[in-house]
Amino acid sequence: MTNTPTRIVLADDQDDIRSGFRLVLDSQPDMSVIGEAADGTGALELARRLRPDVVLADIRMPGIDGLELTRLLAGPGVAHPTRVIVVTTFDLDDYVHTALRNGASGFLLKRSGPTLLIEGVRAAMAGDALISPQITVRLLRRLNTPSPPPQPPRSAPSLSAPPSPVTGPGADPLTHREQDIVRLVARGWTNAQIADELFISPGTVKTHIANVQNKLGTANRVGIAAWAWRTGTAVPEP
C-alpha cells in the first residue's frame, strides 16, 4: 500500500529560504511541497484553500506575521486546525511563548540544518513537536511565572517519588504515569526517548499524551510542556 506524502506549504518572505526548504523537503519520498507564500496573508489563503498537512511559517513576514498565522490556523477555537511549525532565525523568549500559546506544532531555528527540518515535519505528523532540548529548557522555564495556586504549595515533583495527582482546568486528575510523561515532555524528549526511559512502548506513550491533552485542554505536546513549566509540574534542571 502506498502512503500519501505529507503535503507542505512554505511561508517565508525570502525566496532563497523557500527554495532551500523546498529542495530539502521534496527530496524526501514521504513529503511534497504543494505551495509557497511570501507573506502571511498569502499563506493563510493558501493554507485554507489547499488544506496542507503542515505549514512551515517564518515569524517576521509582511502582512500577517507567523505568530498570528499560527493562531489563525492552529490556535484555540479553530474548527479544523492545521499543523504549523514555526521556523525562524530568532529564538526570542516572547516568540516561543506566543508560538506555543497559539498552537504551534514545533519551533525550529533556520540554522539547525536540513535534518532537523525533516525530523520536525515527521514529528508533527506523528503528533509530536520538535524543539531542541536546549531551547525547550531555556525558554519554557520562562513560562513558569508565579500565579495564584489552586491548592497549597507542594514540593517539586520527581520521577522517583510521584506527587499527588494534579489537574488541568476542569480536568480529571493526571495519573502518576501521566505526570511522569508530562515532565519528560517538558524536557523536550521524543516519544521514543520517553518509552525507553519508562520501559513502555512508543504507542503507549502516544496514548498517554493524547489523554493528557484531553485533560489539560492543550492542542499538542508543546502545550503540555508549557503547562508543566507554568504550573511547576516540571522544574528547571540544574
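The sections below set out a description of the structure shown in this document.

Scanning the protein from N- to C-terminus turns up 10 helices and five strands. By the burial criterion, 47% of the 238 residues in the protein qualify as buried. Restricting to contacts in the protein with at least 6 residues of sequence separation, those with at least 24 account for 62%. Of the roughly 11600 Å² of accessible surface on the protein, 54% is carried by carbon and sulfur atoms.

Turning to the packing of aromatic side chains, a few remarks are in order. Taken as a whole and judged by the stated rule, the model has zero aromatic pairs. Here the basic side chain of Arg60 rests over the ring of Phe90, its NZ or CZ set 3.8 Å away from the ring centre.

With that settled, consider the side chain of Asn102. Tracing the sequence through the fold places Asn102 in the loop between helix H4 (93-101) and strand E5 (107-109). Excluding residues that lie within four positions of it along the chain, Asn102 makes contacts with Leu67, Thr70, Arg71, Ala74 and Gly75.

This brings us to helix H8 (residues 191-198). Listed as buried for H8 are Asn191, Ile194, Ala195 and Leu198. Each buried residue of H8 sits inside an arc of 100 degrees when the element is viewed along its axis, so together they form one side. Here the buried face of H8 lies against helix H7 (176-186), helix H9 (202-216) and helix H10 (221-231). Phe199 sits one or two residues past H8 and shows a positive phi near 60 degrees.

Okay, the sheet that holds strand E1 (residues 6-11) next. The parallel open sheet is built from five strands, whose spatial order is E2-E1-E3-E4-E5. A strand with exactly one partner marks an edge of an open sheet, and here the two such strands are strand E2 (31-37) and E5. Taken over all neighbouring pairs, the strand axes of this sheet differ in orientation by 25 degrees on average, direction set aside. Looking at chain direction, E1 and E2 are connected through six bridges and run parallel. Looking across to E2, one finds that Ala11 is bridged to Ala37. Packed on one face of the sheet, helix H3 (residues 66-74) meets E1, strand E3 (54-57) and strand E4 (83-88) and runs near 170 degrees to E4.

With a phi angle near 50 degrees, Arg51 is a residue other than glycine that sits in the positive phi range. Along the chain, the position of Arg51 falls in the loop between helix H2 (40-50) and E3. A residue is classified by how much of its surface remains accessible, and Arg51, at 47% relative accessible area, is partly exposed. At Phe199, a position not held by glycine, the phi torsion is positive, near 60 degrees.

Conventions adopted
- Residues numbered from 1 in each chain as written.
- Predicted model: local features only at pLDDT ≥ 70, side-chain atom pairs only at ≥ 80, totals over all residues.
- Heavy atoms only, no water.
- Helix = DSSP H or I, 4+ residues; strand = E, 2+ residues; numbered from the N terminus.
- Buried < 20%, exposed > 50% of the residue type's maximum accessible area, 1.4 Å probe, protein only.
- Contact = heavy atoms within 4.5 Å.
- Areas by Shrake-Rupley, 256 points an atom, 1.4 Å probe, with all protein chains shown as cover.
- Phe/Tyr/Trp six-rings, centres within 6.5 Å; stacked < 30°, edge-to-face > 60°.
- Lys NZ or Arg CZ within 6 Å of the ring centre and 35° of its normal.
- Arc of directions from axis to C-beta.
- Pairing = 2+ DSSP bridges.
- Axes fitted to C-alpha atoms, helices over the stretch in contact; angles between N-to-C directions.

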